[in-house]
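Listed here are the chains, written in short residue letters.
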Amino acid sequence: MEKVKRVLINNVDSYASKYIAKLLSEHVPSPVGDTEAEDKKHHMSQDSEAGGFHIIGTVCDKSEEDRSHVSEEHFQLQRDQLFQKLMDCDVIIYNITQHADQVEEASWAVSALHDEMGSFTGLKIFILVSTVMTWACSKPVDPDDLELPFTDDDFRRRKAHPNFIPHITLEKLVVKAGKTNRALLSTYVVASGLQYGMDEHVFHLFFKMAWLGQEVPVFGDGNNIVPMIHIIDLGRIILNLIENRPKPYYLLAVDKSHNTMEDIVKIISSFLGSGKIQKKPFEDAFLQQDLSVFEIDSMLINLRMEAAHVTELFSIQWQSEDGLVKNIEVVSEEYQQSRGLLSIRLCVLGPPAVGKSTMCRQICQHYKLHHISLHETISEAIKELEDTVKNTDSETENEESAGVSKLLNSLKESMEQNKGHLDEQLLVKVVQDKLLSNPCRKQGFVLDGFPRTYEEAKNLFYDQEHESADGPSKNPLHKIIPEFLLCMDASDAFLTDRVMNLPQKLVEEHNYHQEHFLQQLSIYRESKMRSDAVLNCFDELDIIPLCVEVTSDDKPDTLLLMQKVIDFVGKPRNYGPSSQEVEEEERREAEERRKCEAQKKAEEEQREAEEAMLRASQWEKWTAGLLVVQQQEEELLEVQSVPLRNYLMEHVMPTLTQGLAECCTIRPHDPVDFLAEYLIRNNPLNY
């Protein structure tokens, strides 16, 4: 039984290496010489333990990403540690299609292995995954026949793009190292076309812009032929190299397409988005933050190539043999699944004035969905038809343009006859066309208050001509059937009170005049009770509704209702903000914090200034009051001292004056004692 092969893959956290590692880890070798079914079953159960692959990967950055397909993961290995891993492995795969800094490490690795061949205990296979950019400046195979493609056998004539000279030098080194002793060290170079598929890499910018409904750029004239390969097909070619060990050293890995860059961008834009493209000078590509110089150079390549060795030597079950353009449906589905870009389709139903449109707008804002309201959808459809008719040249009018004119006339006539409303058949067609548009199918939608009846729902979501017993999944319209149903309701009293308190403008806009509103409400209540109610159609589709009761217009209750919807629907399934948007949001928040802090500081300074002015004013008032009180006290003391002064002047001062005169005459030894005794003796009050 064949032993487990240990495979080292560099930068296993990068796009190409990740999917190569996944494919190898999931591969179960076919049993050799075992024809018994039970033995085969047992062999398959052994998985990688019976001749499978044990993946050892180096990583650029530590992250929480799930890499369960990698048995061992190493970050920033020193050269001596990396060399030990190389010696322990049976297969070494170096991918240099994304990171130019890996060229030097790959050169060291193949040289180190070549120098140590004498100590090998068995065969080692070294596979270099390079890029067709090492062919970018090659002269045509036949100058008189520019459509003659390059093949693997022309590899000695290849001439690299100036920025990829180190890559072609490494290719030559790898080929040379494998010629010494192929029984010990077998080397291969796989020149990969531009890789696409799954979550995308080089073409991610175009997929993202198309999915977001933006105009997708074509850099340059777009006439250059781009050699390409689906990332899964690249992995399968490498798997065949390991298992079959073919004689050629050098293999081209490209699919059979010869699509131009404009063809590629057009199909991506038309299938995922609005279909609009814009040609721009190739210099503008350098202004795109999402594109590296490496990727820009790759997208400007112009080569017609054929993978002759792969076709002749291997029997590959191709994922995308005919290229991206012919397999756009599968490729776009892979992209959306890998990126988690799945549409959310939601229908909101309820009585008039319950707040359906407000809730729809909040849901659309949170999940970045398209709001489908009847009035706006009809207006948009009529405008688009009018623009189409207007831009159609009468001389070149064909059957399609005649059909557009007929539909436009039908819509206008129906609205005239039904007082601004469409009849059911035309209304369903307009809404159906809107839901089938790329933006609604890709990103998702919130259907506001429609369908209203069982028949409208059946006509909208079922194609009666193609209805199948296999269920709704076989129905061509199954992709517009809502995943979620939100049923809003409220009491008649609450709805009536809400309408009575609406501004007159909104009453006129929604025709919520008292009699008309009560009639609408009555019709809605009656329709819910009928056996052919619209909810029965959703029940047949196994769509479980979220029923919520609206009891208040207060903001906390509205937020609580929105939280119920978020819990019911789940997380958004679209792009989060880009790095540039994150930076702008952080900058905006920082600016708001700065303004808030400045405003708080200004308010604090103003408050302190006002308090200082108030203190100064109060101090002045207090000081003025204190002066008044002091003056009043002095005046009171003055008034109160008059009797005492009169007494002293009348009775005390004369006697005191005489005593002082006597004291001056006699000049006693103790004048104070003398004066005291004099006053006692001569006190006029002594009788």
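Undergrad: Account for the sheet that holds strand 14 (residues 444–448), with residues named and values stated.
TA: Ordered by their spatial adjacency, 5 strands build an open sheet running 13-14-12-15-16, and the pairing between neighbours is parallel. Since the sheet does not close on itself, it has two edges, and those belong to strand 13 (370–372) and strand 16 (545–549), each with one partner. Looking at each pair of strands side by side, their axes are set apart by 20 degrees on average, direction ignored. This element, helix 22 (residues 555–569), spans strand 12 (344–349), strand 15 (484–489) and strand 16 of the sheet and lies at about 170 degrees to strand 16.

Undergrad: I'd like a rundown of the environment of Gly197, residues and numbers included.
TA: Turning to its location among the elements, Gly197 is positioned in the loop between strand 7 (194–196) and helix 6 (204–211). When the C-alpha atoms of Gly197 and Ile229 are compared, they prove to be 8.6 Å apart, with 32 residues separating the residues in sequence. If we skip the residues at most four places from it in the chain, Gly197 touches Tyr15, His230, Ile231, Val331 and Glu334.

Undergrad: Which residues make up the nonpolar core, and what values do they have?
TA: If you look at the biggest cluster of nonpolar residues, it comprises 108 residues, and the most contacted ones within it are Leu24, Ile93 and Ile127. No other element matches helix 7 (residues 231–244), which puts 8 residues into this core. With sequence-adjacent residues up to four places away left out, Ile93 is seen in contact with Val7, Leu8, Ile9, Asn10, Ile20, Leu24, Ile127, Val129, Ile238 and Ile242.

Undergrad: Break down the pattern of salt bridges for me, citing the residues and quoting the values.
TA: Considering all chains together, one arrives at 25 salt bridges under this definition. For Arg6, the salt bridge goes to Glu72, with nearest N and O atoms at 3.4 Å. In this pair, Arg6 sits in strand 1 (residues 5–9) while Glu72 sits in strand 3 (residues 72–75), placing the two residues 66 residues apart along the sequence. A relative accessible area of 22% means that Arg6 is categorised as partly exposed. The salt bridge involving Asp433 is made with Lys429; its shortest N-O contact spans 3.3 Å. Within this pair, Asp433 and its partner Lys429 are both found in helix 15 (residues 424–435), separated by 4 residues, close to a single helical turn. Relative accessible area serves as the criterion here: at 38%, Asp433 is assigned to the partly exposed category. Overall, Lys429 belongs to the partly exposed group, its relative accessible area being 36%.

Undergrad: Give a detailed account of helix 4 (residues 102–115), specifying residues and quantitative values.
TA: In this model, helix 4 (14 residues) spans 20 Å end to end at C-alpha, consistent with the 20 Å of a helix rising 1.5 Å per residue. What helix 4 keeps buried is the set Gln102, Val103, Glu105, Ala106, Ser107, Ala109, Val110, Ala112 and Leu113. Looking at the buried side of helix 4, the elements it contacts are helix 3 (79–88), strand 4 (91–95), strand 5 (124–131), helix 5 (165–177) and strand 6 (185–192).

Undergrad: Now, about the packing of helix 6 against helix 11 (residues 328–339): what can you tell me, with residues and values included?
TA: Helix 11 packs onto helix 6 with a crossing angle of 85 degrees between their chain directions and a minimal axis gap of 12 Å. Viewed along their axes, helix 6 and helix 11 adopt a mutual orientation that is roughly perpendicular. In contact with His204, Phe207, Lys208 and Trp211 of helix 6, helix 11 contributes Val331, Ser332, Tyr335, Gln336 and Arg339. Among the residues forming the contact of helix 6 with helix 11, the class breakdown is 4 nonpolar, 3 polar and 2 charged.

Undergrad: Describe the pairing of strand 4, listing the residues and the values that go with them.
TA: With respect to burial, strand 4 is a largely interior element, 5 of its 5 residues being buried. Burial of strand 4 is two-sided: the residues Val91, Ile93 and Asn95 facing one way and the residues Ile92 and Tyr94 facing the other way are all buried. For strand 1 and strand 4, the ladder comprises 3 bridges, and the chain directions are parallel. Within strand 4, the residue paired with Leu8 across the bridge is Ile92.

Undergrad: Tell me what's going on with the pairing of strand 5, and back it up with residues and numbers.
TA: Strand 5 sits mainly inside the fold: 8 of its 8 residues count as buried. Bridge analysis of strand 4 against strand 5 gives 5 bridges, and the strand direction is parallel. Within strand 5, the position partnered with Ile93 by the bridge is Ile127. Regarding the hand of the β-α-β motif, the stretch spanning strand 4, helix 4 and strand 5 is right-handed.

Scoring rules and cut-offs
- Residues numbered from 1 in each chain as written.
- Predicted model: local features only at pLDDT ≥ 70, side-chain atom pairs only at ≥ 80, totals over all residues.
- Heavy atoms only, no water.
- Pairing = 2+ DSSP bridges.
- Helix = DSSP H or I, 4+ residues; strand = E, 2+ residues; numbered from the N terminus.
- Axes fitted to C-alpha atoms, helices over the stretch in contact; angles between N-to-C directions.
- Contact = heavy atoms within 4.5 Å.
- Core = buried A, V, L, I, M, F, W, Y, C linked by side-chain atoms within 4.5 Å.
- Buried < 20%, exposed > 50% of the residue type's maximum accessible area, 1.4 Å probe, protein only.
- Salt bridge = Lys/Arg side-chain N within 4 Å of Asp/Glu carboxyl O.
- Expected span 1.5 Å × (residues − 1).
- Parallel < 35°, antiparallel > 145°, perpendicular 65-115°, else oblique.
- Nonpolar A, V, L, I, M, F, W, Y, C, P; charged D, E, K, R; others polar.
- Right-handed = clockwise from strand over helix to strand, strands pointing away.

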